[in-house]
Amino acid sequence: GYFVGKIIRIVFICLAALMMILLLFLFVVAPVATRPLNELSVLAAEWRERGDYFIWESTLPENKGFGSLEIFHIEEGNPDNPAILFIHGYPTSSIDFYDLFELLKEDYYVMALDTPGYGLSDKPKGEYRYSIKDDAQLVDHYLRYVAGIEDFALYTHDKGNSVGLAFLDVANDSDDYSITNHIITNGNIYLPLAELTRAQLGLLSPKTGPFLTRYMN
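Definitions and cut-offs
- Residues numbered from 1 in each chain as written.
- Predicted model: local features only at pLDDT ≥ 70, side-chain atom pairs only at ≥ 80, totals over all residues.
- Heavy atoms only, no water.
- Helix = DSSP H or I, 4+ residues; strand = E, 2+ residues; numbered from the N terminus.
- Buried < 20%, exposed > 50% of the residue type's maximum accessible area, 1.4 Å probe, protein only.
- Contact = heavy atoms within 4.5 Å.
- Areas by Shrake-Rupley, 256 points an atom, 1.4 Å probe, with all protein chains shown as cover.
- Salt bridge = Lys/Arg side-chain N within 4 Å of Asp/Glu carboxyl O.
- Pairing = 2+ DSSP bridges.
- Axes fitted to C-alpha atoms, helices over the stretch in contact; angles between N-to-C directions.
- Core = buried A, V, L, I, M, F, W, Y, C linked by side-chain atoms within 4.5 Å.
- Left-handed = near helix turned anticlockwise from the far one by under 90°.
- Nonpolar A, V, L, I, M, F, W, Y, C, P; charged D, E, K, R; others polar.

### Here's the deal with the overall build of the protein
Looking only at helices and strands, the protein has seven helices and six strands in total. What you see in the protein, going N to C, is helices and strands ordered as α-α-β-β-β-α-β-α-β-α-β-α-α. Expressed as a percentage of its 217 residues, the buried residues of the protein come to 34%. Taking all contacts inside the protein whose residues are at least 6 apart in sequence as the whole, residues at least 24 apart take part in 73%. When the accessible area of the protein is evaluated, it comes to approximately 13,800 Å², of which 58% is carbon and sulfur surface.

### Topic: the pattern of salt bridges
For the structure shown, the criterion picks out nine salt bridges. Measuring nitrogen to oxygen at the nearest pair gives 2.8 Å for the salt bridge that ties Glu46 to Arg50. You can see Glu46 and its partner Arg50 sitting in helix α2 (residues 42–50), four residues apart, about one turn around the helix. Relative accessible area serves as the criterion here: at 22%, Arg50 is assigned to the partly exposed category. Across the salt bridge formed by Glu102 and Lys105, the nearest N and O atoms sit 3.5 Å from each other. Judged by relative accessible area, Glu102 falls into the partly exposed class, the value being 34%.

### Considerations on the sheet that holds strand β6 (residues 178–185)
One open sheet accounts for six strands, arranged β1-β2-β4-β3-β5-β6; its pairing is mixed. Two strands bound the open sheet, and with one partner strand each, they are β1 (52–57) and β6. Here the strands of the sheet are splayed against their neighbours by 25° on average, with no regard to which way each runs. Together, β1 and β2 (68–76) form the strand contacts of α2, whose direction differs from that of β2 by roughly 90°.

### Overview of the nonpolar core
Considering soluble globular proteins, one finds that nonpolar side chains tend to be buried as a cluster. Leu85, Met111, Tyr142, Leu143, Phe152 and Phe167 are the most contacted members of the largest nonpolar core, which has 26 residues in total. Those elements that place two or more of their residues in this core are β1, β2, β3 (83–87), β4 (109–113), α4 (132–147), β5 (151–157) and α5 (159–171). Of all the elements, α4 adds the most residues to this core, at six residues. Among all residues touching Tyr142, those that are not within four sequence positions of it are Phe54, His73, Ile74, Glu75, Leu85, Met111, Ala112, Leu113, Ala147 and Gly148. Ile74, Phe101, Ala112 and Tyr155 belong to the second largest nonpolar core, which has 13 residues in total.

### A few points about the packing of α4 against α5
One way to put it is that α4 packs onto α5 with a least axis distance of 8 Å and a crossing angle of 65°. Remark: the crossing between α4 and α5 carries right-handed chirality. Residues Ile132, Asp135, Ala136, Gln137, Val139, Asp140 and Leu143 of α4 form the contact with α5, whose own contacting residues are Lys159, Ser162, Val163, Ala166, Phe167 and Val170. Of the residues in the contact of α4 with α5, the class split is eight nonpolar, two polar and three charged.

### Some words on unusual backbone geometry
The amide bond that connects Tyr90 to the next residue, Pro91, takes the cis arrangement and shows omega of 0°. Here Pro91 lies in the loop between β3 and α3 (98–104). Phi at Asn186 takes a positive value of approximately 50°, unusual for a residue other than glycine. The residue Asn186 is located in the loop between β6 and α6 (198–204) in this model.

So yeah, pure geometry; function would need other evidence.
And the structure:
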């Protein structure tokens, strides 16, 4: 009687405390911790200064109302050297390749850009539809109208692998440039055989994916 009731009260108090901590994290700590910084780090500011922006519009009809986006891009090295285009992963950006640029720019012409929603590019909110195929069209636009490179190797990482593979389909119809090699890093080509972590499975789930991604980028 008495001891059982006391234990039950203790359990309810502990559960209530845990619930309060969880709510505090979800509605106070997480939004503050994931809020975009108003000021760039020294490294990010330097990276931005080394690059530039071009204007691009999504090719998806449902994104028409969002108008033009500013897309960050960076090229370094001698354009007469062999060229490499880097496509970043999730939830990162072109600055991932900072060290590679430093190592390669003396012997190669290195190029990268931030796809919409990442890094230093615009991040439209609301009903904007982010799409791998749309990113592939962005890469095609960049090569045709900004970079102006005819031959290059493609280096893709993580989510950039999916963009790169979608881009290969676009590139097959282009006479403006050719891809000499495709280097794929940190990615699974065939999803059914991928050894996904619980976190990755959570991101793929339509139930938990939208909630988790809200606090990741």
